[in-house]
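Fold and contact review
Read off the chains here:
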Amino acid sequence: MMKTPRILAALVATALFAIAGCGGGGDDDDSGGAPEAEKAAQAKASGDVTWCIGKDTTGAFGTVVDNFNKANPKANVKLLELPENADDQRRLQIQRLRAKNSECDVLGADVIWVPEYVGQGWVKDVSDFISENGDKFIPSTIDTTEVDGKNYAVPFNSNAGFIYYRTDEVDSAPKDWESLYQEAAKGSGVVYQGFRYEGLTVNFLELLYSAGGSVVSEDGKQATADSQEVKDVLKFMADGIESGAVPKAVTTYKEEESRRAFESGNATFMRNWPYAYSLGKDSKIADKFDIATFPGFAGNEGAGVIGGYNLAISAYSKNAEGALAFIDFATSPDQQKIMATEASLPPTIASVYDDPAVKKAMPFAEDLRTAIEQAKPRPVSPVYPQITEAIYNNVYDALQGKASPDEAASKMNDEIQKALETF
Ligand code: GLC
């Protein structure tokens, strides 16, 4: 399992020593450049570090790597791009981790993988780093790094879904999902992430949480998916395809396919993450769309699901010091500002949202911070991968008309219950 705490503590302490001095002062500096002391301290980072994270769709990850390498002549960070799809990224990371492969030093881990990675002993304890720096971060993002009171990652970017709508087709985003689907049926439809993968779990849970439902009990022990709310949401989603409000092709869409459909003018509405905003502003519909917070559902207010990526140090890294120095740099306010202004990636540090340049690049910055603070987590569990499979496989079958909403709800419940009983 995990290395002994003493070795870990020594490791983290050495790493923190190596980057000492770059805490407090530097982080309050919003001039865009790191103060001298911070630059000197960062320059001590050395050796090769490989950062394994999902595809650099916006180019922002490459910018952060270049910035770090420029500021740290003795270190060399390399970006290893994994696929676009979150499930494929996890699969490729855990292939390496199971083989105790040291290729990836820094893992870009979706917020939901942390309990599994910790349970398997695949990531190092970075609690000391979080106790020093954690209070700058939005609390809901720190929660995603914590298992049994210890922290195993640093929040890199957060995420919350939004509704994108064509301003030349509708005046505003409808107030509830029911009327959004009605308007979509009259216009050119609504697209979302309907492929059989993690994104479908998110899209389903957003509606389910808005309806007041859940898939696992609060104590994490019981499946709660065989409920009226689950059946209602499945029916709503299946009817959406049936009525033509949602194109059938949505069952092949992940984030990028949805974005491309929306940007090509093939949809009036789209559910997507904020990264699609800056790309949309560079597309041919740049002046023809806007974004809005989630509508309500079934008479309740809309609810979101928290997404995002944390940076963790692989237990098999041969350069944990260098890895932590890079994580410290990549999650700093300056780099988060660059990612927010150039790629509309949601910051995990609260103060970055107040920066005038961030507000200009993301006019919805204030709503985004609130959405992230209020977004609900997906079930937190070391067997999350099995839970999410139970969710997306059954939602997918309901969307395809292969199972009725009642059948899909009952099967989802059984499969979640089985997953919960395996640990
Ligand atoms: C985004 C989110 C991540 C989520 C994924 C689903 O990348 O940040 O948390 O799991 O989308 O596709």
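Residues numbered from 1 in each chain as written. Predicted model: local features only at pLDDT ≥ 70, side-chain atom pairs only at ≥ 80, totals over all residues.

Turning next to the overall build of the chain. When helices and strands are counted, the chain shows 19 helices and 11 strands. Counting all 423 residues of the chain, 51% fall into the buried class. Across the chain, every contact between residues at least 6 apart in sequence was considered, and the portion connecting residues at least 24 apart equals 75%. (Helix = DSSP H or I, 4+ residues; strand = E, 2+ residues; numbered from the N terminus. Buried ≥ 20, exposed ≤ 12 C-beta atoms within 10 Å, placed from the backbone. Contact = placed C-beta atoms within 7 Å.)

Before going further, it helps to examine the sheet that holds strand β7 (residues 162–166). Each strand in a sheet pairs with its neighbour through backbone hydrogen bonds, running either in the same direction (parallel) or in the opposite one (antiparallel). As summarised here, the arrangement of the four strands in space is β8-β9-β7-β10, forming an open sheet in which the pairing is mixed. Edge positions in the sheet fall to β8 (190–191) and β10 (289–292), since each has one partner strand and no second. Pairing of β8 with strand β9 (residues 269–272) involves two bridges; the strand directions are parallel. Bridged to V190 within β9 is F269. Strands β7, β8 and β9 of the sheet are contacted by helix α12 (residues 255–263), whose axis makes an angle of about 155° with β9. (Pairing = 2+ DSSP bridges. Axes fitted to C-alpha atoms, helices over the stretch in contact; angles between N-to-C directions.)

In the region of the ligand, the neighbouring residues are A86, D110, V111, N159, E198, G199, V202, E255, W273, G307 and G308. Residue assignment for the shell around the ligand shows that the elements contributing at least two residues are α10 (198–210) and β11 (307–313). Here the shell around the ligand is built from residues that sort into four nonpolar, four polar and three charged. For the shell around the ligand, the two domains that each supply at least three residues are domain 1 (5–159 + 306–376) and domain 2 (162–304 + 383–420). (Near = placed C-beta within 6 Å. Nonpolar A, V, L, I, M, F, W, Y, C, P; charged D, E, K, R; others polar. Domains from an automatic or database assignment.)

Turning to the packing of α10 against helix α18 (residues 384–399), a few remarks are in order. Running from N to C, α10 and α18 cross one another at 80°; their axes reach a closest spacing of 8 Å. The angle between α10 and α18 falls in the class roughly perpendicular. Residues E198, L200, T201 and F204 of α10 touch α18, and the partners they reach there are T388, I391, Y392, V395 and Y396. The class makeup of the residues in the contact of α10 with α18 is six nonpolar, two polar and one charged. (Parallel < 35°, antiparallel > 145°, perpendicular 65-115°, else oblique.)

Next up on the list: the sheet that holds strand β3 (residues 106–110). Strand order in the open sheet formed by five strands is β2-β1-β3-β11-β6, with mixed pairing between adjacent strands. Two strands lie at the open edges of the sheet, namely β2 (75–81) and β6 (154–159), each paired on one side alone. Strand-to-strand twist across the sheet, computed as the mean angle between neighbouring axes with direction ignored, equals 20°. Summarising the sheet, strand β1 (residues 47–53) and β2 pair through seven bridges and their orientation is parallel. Following the sheet pairing, W51 is matched in β2 by L79.

With their axes 9 Å apart at the nearest point, α10 and helix α11 (residues 228–243) run at an angle of 125° to one another. Classified by the interaxial angle, the pair formed by α10 and α11 is oblique. Classified by chirality, the crossing of α11 by α10 is right-handed. The residues of α11 that touch α10, namely those facing F204, L207 and L208, are E229, V230, V233 and F236. (Left-handed = near helix turned anticlockwise from the far one by under 90°.)

Another aspect to go through is the environment of S314. Tracing the backbone shows S314 in the loop between β11 and α14 (320–330). The exposure class assigned to S314 is buried, which follows from the 26 C-beta atoms found within 10 Å. Spatially, the C-alpha atom of S314 lies 9.2 Å from that of E103, the residues being 211 residues apart in sequence. S314 has contacts with L97, C104, D105, L107, W122 and V123, leaving out every residue within four places of it along the chain.

Attention now goes to the environment of V216. The topology assignment puts V216 in the loop between α10 and α11. For V216, a count of 21 C-beta atoms within 10 Å gives the class buried. In this structure the C-alpha to C-alpha distance between V216 and L420, which are 204 residues apart in sequence, comes to 9.1 Å. Once you skip the residues sitting within four places of it in the chain, V216 turns out to touch A223, T224, P379, I387 and I416.

Turning our eyes to something else, we now look at the pairing of β3. Two faces make up the sheet, and in a regular strand the side chains alternate between them. Most of β3 sits inside the fold, with five of its five residues counted as buried. Here β3 shows a buried face lined by V106, G108 and D110 and a second buried face lined by L107 and A109. For β1 and β3, the ladder comprises two bridges, and the chain directions are parallel. Bridged to C52 within β3 is L107. Across five bridges, the pairing between β3 and β11 is antiparallel. Considered in β11, the bridge of L107 is made with A312.

Moving on, we get to the nonpolar core. If you look at soluble globular proteins, the nonpolar side chains tend to sit buried side by side. Ranked by internal contacts, the top residues of the largest apolar core, which has 129 residues, are V106, V123, Y164, V190, F326, V395 and I416. Two domains share this core, each providing at least three of its residues, namely domain 1 (5–159 + 306–376) and domain 2 (162–304 + 383–420). Setting aside chain neighbours within four positions, we find Y164 in contact with F262, F269, M270, N272, A276, F289 and I291. (Core = buried A, V, L, I, M, F, W, Y, C linked by C-beta atoms within 7 Å.)

Further remarks concern the confidence of the model for the chain. Residues shown with low pLDDT carry predicted positions that ought not to be read at fine detail. Taken residue by residue, the chain gives an average pLDDT of 91. The fraction at 70 or more is 90%. Across residues 1–34, confidence stays below pLDDT 50; counting only partners more than four residues off in sequence or on other chains, it has 55 contacts. (pLDDT = per-residue confidence, 0-100.)

Moving on: helix α4 (residues 60–71). For α4, which comprises 12 residues, the first-to-last C-alpha distance of 17 Å matches the rise-based estimate of 16 Å (1.5 Å per residue) to within 8%. Among all positions in α4, only A60, F61, V64, V65 and F68 are buried. Relative to the axis of α4, the buried residues are bounded by an arc of 140° and lie together on one face. Exposed side chains of α4 directed beyond 90 degrees from the buried face belong to G62, D66 and K70. Among the structural elements, β1, β2, α14 and α15 (333–343) are those in contact with the buried residues of α4. (Expected span 1.5 Å × (residues − 1). Arc of directions from axis to C-beta.)

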